[in-house]
Amino acid sequence: MSTATADPRPLTGEPLALDLLNTRWMREGAAQDLLRDTDGLAVWLAANGLDARFSADAATLRHVLRARDALKAAVDGAATEGVDAVLGHGRIRPTLTPSGPGERAEFTDDTWGPAWLAARNYLELLTTAPDRIRGCAHEACILHFFDTSRNGTRRWCSMAACGNRAKASRHYARTKDA
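None of the values given here were measured: they were computed from a predicted structure.

A. The overall build of the protein, seen in detail. Counting its secondary structure elements, the protein contains six helices and six strands. Put simply, the protein runs from its N terminus to its C terminus through helices and strands in the order α-β-β-α-α-α-β-β-α-β-β-α. Residue burial in the protein is summarised as follows: out of 178 residues, 38% are buried. Long-range contacts, defined here as pairs at least 24 residues apart, represent 48% of the contacts in the protein between residues at least 6 apart. Counting every atom, the protein has about 9900 Å² of accessible surface; 51% of that belongs to carbon and sulfur.

The structure is reproduced here in structure tokens:
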């Protein structure tokens with residue numbers, strides 16, 4: 001893979017924290033992982049507009065993987081300490097810009113930047129609407145999404161993929177029994 005490689009993931013465009021979780025997905029029953037090397041990290045950084053500011057090197061990959069594991073534990077309700085540990089590597093610094101008050105993220109080491117930004121984004125999602133952070137309802141899917149539907153009832157990462165498979169499975173079960 002190179003930075004010019006297309007993103008192979010089935011679900012992209014989610015908020016940064018969930019997009020990081022979605023660097024793992026299932027394809028035909030086999031687990032896939034975009035972050036198995038720095039080339040995959042380069043694809044993820046580019047997909048999120050972080051490639052101009054951060055390098056896809058081994059240290060950044062190590063920190064991003066640590067953040068992904070911490071976010072997964074937090075989303076699953078298992079533990080929050082990992083996210084807090086990642087957040088310990090940066091801070092928001094208030095600034096005054098020509099257009100008024102602003103904020104700038106600062107990191108103990110720039111290789112923590114993408115990991116810290118993903119952990120910070122998770123806090124923002126929790127502040128906005130924690131009940132809208134969801135895992136796909138399909139039993140074979142491990143993707144996550146932020147439900148932006150009007151009534152908040154989205155169940156599938158993709159209606160075309162997982163939603164359709166679930167409907168087809170229910171239809172097959174009904175016709176088989178009939």
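We are not done yet, so read on.
B. Local environment of the nonpolar core. In terms of nonpolar packing, the biggest core is built from 44 residues, with Leu-20, Trp-44, Leu-71, Leu-117 and Cys-157 touching the most fellow members. Put simply, the parts of the chain that give this core at least two residues each are α1 (16-21), α2 (38-47), α3 (58-75), α4 (81-87), β4 (100-107), α5 (113-128) and β6 (144-146). Take this core: its biggest share by element is seven residues, from α5.

C. Representation of the environment of Glu-106 within the structure. By the secondary structure assignment, Glu-106 is in strand β4. The class for Glu-106 is partly exposed, based on a relative accessible area of 21%. For the pair formed by Glu-106 and Gly-90, sequence separation is 16 residues and the distance between their alpha carbons is 5.4 Å. Aside from chain neighbours lying at most four places away, what touches Glu-106 is His-89, Gly-90, Arg-91 and Arg-93. In terms of polar contacts, Glu-106 uses its side chain to reach the side chain of Arg-91, at 2.7 Å. Only 3.5 Å separates the side chain of Glu-106 from the side chain of Arg-93, close enough to count as a polar contact.

D. Main features of the side chain of Arg-132. Within the secondary structure, Arg-132 sits in the loop between α5 and β5 (133-135). Salt bridges are absent for the buried Arg-132, whose nearest opposite-charge side chain, Asp-147, sits at 4.2 Å. Excluding anything up to four places from it in sequence, Arg-132 contacts Phe-145, Phe-146, Asp-147, Thr-148, Ser-149, Arg-150, Asn-151 and Gly-152.

E. Region of the structure containing the packing of aromatic side chains. Counting across every chain of the model gives two aromatic pairs. With a centroid separation of 5.9 Å and 65 degrees between ring planes, the pair formed by Phe-54 and Phe-107 is classed as edge-to-face. On the criterion of sequence distance, the pair formed by Phe-54 in the loop between α2 and α3 and Phe-107 in strand β4 is long-range, its members being 53 residues apart. Both residues of the pair, Phe-54 and Phe-107, belong to the buried class. Three or more aromatic residues joined by ring pairs form one cluster here, namely Phe-54, Phe-107 and Trp-116. One Lys or Arg, Arg-154, reaches over the ring of Phe-145 and ends 4.0 Å from the middle of that ring.

Cut-off values and rules
- Residues numbered from 1 in each chain as written.
- Predicted model: local features only at pLDDT ≥ 70, side-chain atom pairs only at ≥ 80, totals over all residues.
- Heavy atoms only, no water.
- Helix = DSSP H or I, 4+ residues; strand = E, 2+ residues; numbered from the N terminus.
- Buried < 20%, exposed > 50% of the residue type's maximum accessible area, 1.4 Å probe, protein only.
- Contact = heavy atoms within 4.5 Å.
- Areas by Shrake-Rupley, 256 points an atom, 1.4 Å probe, with all protein chains shown as cover.
- Core = buried A, V, L, I, M, F, W, Y, C linked by side-chain atoms within 4.5 Å.
- Polar contact = N/O pair within 3.5 Å; in protein donor to acceptor, adjacent residues only side chain to side chain.
- Lys, Arg positive; Asp, Glu negative; His and termini not counted.
- Salt bridge = Lys/Arg side-chain N within 4 Å of Asp/Glu carboxyl O.
- Phe/Tyr/Trp six-rings, centres within 6.5 Å; stacked < 30°, edge-to-face > 60°.
- Lys NZ or Arg CZ within 6 Å of the ring centre and 35° of its normal.

So, to be careful, I would describe these as geometric facts and stop short of saying anything about function.
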